[in-house]
Amino acid sequence: VLGWYYVFPVYRVPRDKDIVEEVLRQQGHVWKKNQTGIDLYRKLLSDCCDPQHLFALTKENAPVGKVLWYDGEFYHSHTVNNETHSLFVQSNPLSLPLKKCAVVGNGGILRHSQCGRDIDRADFVMRCNLPPLSKEYVEDVGTKTHLVTANPSIIEKRFQNLLWSRKAFVDSMKAYGTGFVYMPAFSMRPSTDPSLRATYALADSSSDLTMLFANPAFLRSVGRFWKARGVHARRLSTGLFIVSLALGLCDEVSVYGFWPFPSDLAQRPISHHYYDDMQPFRWFHAMSEEFVQLWELHKSGTLRVNLGRCD
Ligand code: CDP
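None of these values were measured; they are calculated from a predicted model.

Trainee: Just to check I follow, could you spell out the state of the cysteines for this structure?
Mentor: Covalently bonding the sulfur atom of one cysteine to the sulfur atom of another cysteine gives a disulfide. Inspection of every chain in the model, using the stated rule, returns 3 disulfides. Between the sulfur atoms of C101 and its disulfide partner C250 the distance amounts to 2.0 Å. On the sign convention where negative is left-handed, the bridge of C101 and C250, at about -90° about the S-S bond, is left-handed. Separated by 149 residues along the polypeptide, C101 in strand β3 (residues 98-104) and C250 in strand β8 (residues 250-256) bring together distant segments of the chain. Taking the relative accessible area as the measure of exposure, C101 reaches 3% and is therefore buried. For C250, a relative accessible area of 1% gives the class buried. A disulfide bridge connects C115 with C310, and the sulfur atoms are separated by 1.9 Å. For the disulfide bridge between C115 and C310, the dihedral angle about the S-S bond is near 80°, and by the sign convention the bridge is right-handed. Here the residue C115 occupies a position in the loop between β3 and α6 (116-120), and C310 occupies one in the segment after β9 (304-306), the gap between them amounting to 195 residues.

Trainee: Would you mind going over helix α11 (residues 216-227) with me for this structure?
Mentor: Taking 1.5 Å per residue as the helical rise, α11 with its 12 residues ought to reach 16 Å, and the 16 Å between its terminal C-alpha atoms agrees with that figure. Summarising the contacts, the buried residues of α11 are in contact with α3 (35-49), α4 (51-54), β1 (67-69), β6 (180-183), α12 (238-249) and α13 (287-299). Capping the start of α11 is the job of one residue whose side-chain oxygen sits 3.1 Å from the backbone nitrogen of A217: N215.

Trainee: When you look at the site of the ligand in this model, what are you seeing that I'm missing?
Mentor: Near the ligand lie 16 residues; those nearest to it are N129, S237, G239, H272 and H273. Between the ligand and the protein, one listed contact pairs an oxygen atom with a side-chain N or O atom of H273 at 2.5 Å. Notes on the ligand: free accessible area 500 Å², of which the protein chains cover 90%. Classifying every residue of the shell around the ligand by side-chain character gives 5 nonpolar, 11 polar and no charged.

Cut-off values and rules
Residues numbered from 1 in each chain as written. Predicted model: local features only at pLDDT ≥ 70, side-chain atom pairs only at ≥ 80, totals over all residues. Heavy atoms only, no water. Disulfide = S-S within 2.5 Å. Helix = DSSP H or I, 4+ residues; strand = E, 2+ residues; numbered from the N terminus. Buried < 20%, exposed > 50% of the residue type's maximum accessible area, 1.4 Å probe, protein only. Expected span 1.5 Å × (residues − 1). Contact = heavy atoms within 4.5 Å. Polar contact = N/O pair within 3.5 Å; in protein donor to acceptor, adjacent residues only side chain to side chain. Near = heavy atom within 4 Å. Areas by Shrake-Rupley, 256 points an atom, 1.4 Å probe, with all protein chains shown as cover. Nonpolar A, V, L, I, M, F, W, Y, C, P; charged D, E, K, R; others polar.

Shown next as structure tokens:
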């Protein structure tokens, strides 16, 4: 029995039902910003992970010859060469600090939320995994994007790995205007080639978007940061990486679409995403544990978790 304990250590994870009940109990409370909490998290994240300088690979922080160790693989690395170096931006391209940031997760809780206007009012809008922003969703999720993450597996599934026509990809990327695309090109072995192809596809079509490659050292340190706080997943969800980035870079953070539970606050069933009901691999992420962290930050006034309707 002890042997099993070493293989599968038992963590005390709150049950989804308890988390939801706790949120429902807090529903009437008015959220109040707490500058001390904001400053504390900015400092904690700066100390562990230095998002200001390290969130993206740049010509400055990743010179030719630097060895990039993949954060999602054991012992796999890429040594920066002239070709990859030429694809990095010169230095951190964001003018810091960012003021009001909205981080938009893809949760079904956003559907019919009418939060689009609220989201668009932010100075900097971050989205995850190339989400649809078509007309039918605009009222709920808004139109503005300053940074959008792109998971290489989407490039594979939605755009045939960009091995054939690139037009569908280039056209669909127009929805994200003139912002930054943030790709974990050096996290998993199969991510690199599609990420580089996506970069060339954007550059060759004179796209207004700028490609940023996530720095694997930054992602690894953010993973450790949350692990030390009780998030035990194989890998953090994209959403928590981006919330961490926002906490490090923004004066104020509001999050939308983070609710990994099957019903809304009125106990009505909702889909997993605001645009479809594709379920995640349960063993890969620990979204309820992540939500508990976000909720603690909400209660302490460090960031605001929006769950209800915005009108
Ligand atoms: O690929 P991944 O599962 O990480 O993300 P996604 O399904 O594209 O959604 C983007 C992010 O929104 C996730 O990484 C989660 O942090 C968050 N999310 C959530 O909190 N609740 C949901 N029901 C769906 C997504």
